[in-house]
Amino acid sequence: DAGITQSPRHKVTETGTPVTLRCHQTENHRYMYWYRQDPGHGLRLIHYSYGVKDTDKGEVSDGYSVSRSKTEDFLLTLESATSSQTSVYFCAIKYEETQYFGPGTRLLVL
Amino acid sequence: SQKIEQNSEALNIQEGKTATLTCNYTNYSPAYLQWYRQDPGRGPVFLLLIRENEKEKRKERLKVTFDTTLKQSLFHITASQPADSATYLCALEPNSGYSTLTFGKGTMLLVSP
């Protein structure tokens, strides 16, 4: 599983509240990614990081921010959660040319 | 715009047959293409990578072909088993030069005993 953990694994929250999801890796990989996966849309990139404090936007970054203050942790924050952000969120790391995914976080915004 | 297309309809086959999944792309010039497997409730798992200068790659019962002229990759599972039932995703790196992948929406494979 490439030493990737995500927390929490499940979360229910209310519209308008901030939410932070954490991705933790144990192997000092440079690149880390946040995706969301929804029926009919597949896996879409939200943000990614190519080093400590180095991040960039993906395809669906609106409403999300990220931070990476140390190599092993990549945080995804929903500033003010909306029902459209109900989804399954996956974190991934890059090793050589491939990506290895965490177990996912299932988020429900009511 | 760049697009990756996989058959959205599930592929149903009988155990022992060869499953063939298709990935078509437009407006990419990929250096390589990747295939992933995803089981329900789990993250995708890397299976195979094929480079633009490779026509075919094999790993156990898996075979991938890559035709950059047709802009298509075929993913084959020979002697399929019910345990092969899953969703299979293809992925390409966009031409932007950044180290990201764009995934197709995936094709579900159902192998019946």
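Whatever comes next refers back to the structure up there.
The present account deals with the structure reproduced in this document. (Residues numbered from 1 in each chain as written. Chains lettered and ligands numbered in written order. Predicted model: local features only at pLDDT ≥ 70, side-chain atom pairs only at ≥ 80, totals over all residues. Heavy atoms only, no water.)

Section: the overall build of chain A
A tally of helices and strands in chain A yields zero helices and 11 strands. The linear arrangement of helices and strands in chain A, starting from the amino end, is β-β-β-β-β-β-β-β-β-β-β. By the compact-globule yardstick of 13 Å for 110 residues, chain A fits well, its C-alpha radius of gyration being 13 Å. The dimensions of chain A, computed from C-alpha atoms along their principal axes, are 40 × 25 × 25 Å. Within chain A, buried positions represent 50% of all 110 residues. Looking at chain A alone, contacts between residues at least 24 apart form 53% of all its contacts between residues at least 6 apart. (Helix = DSSP H or I, 4+ residues; strand = E, 2+ residues; numbered from the N terminus. Rg over C-alpha atoms; globule rule 2.2 N^0.38 Å. Buried < 20%, exposed > 50% of the residue type's maximum accessible area, 1.4 Å probe, protein only. Contact = heavy atoms within 4.5 Å.)

Overview of the overall build of chain B
Broken down by element type, chain B carries zero helices and 11 strands. Taken over C-alpha atoms, the radius of gyration comes to 14 Å for chain B, in line with the 13 Å a tight globule of 113 residues would show. The C-alpha extent of chain B, read off along each of the three principal axes, is 45 × 30 × 20 Å. Residue burial in chain B is summarised as follows: out of 113 residues, 43% are buried. The long-range share in chain B, meaning contacts at least 24 apart out of those at least 6 apart in sequence, stands at 53%. Within chain B, one finds 13 positive and 11 negative side-chain charges whose respective centroids are separated by 1 Å. (Lys, Arg positive; Asp, Glu negative; His and termini not counted. Charge placed at Lys NZ, Arg CZ, Asp CG, Glu CD.)

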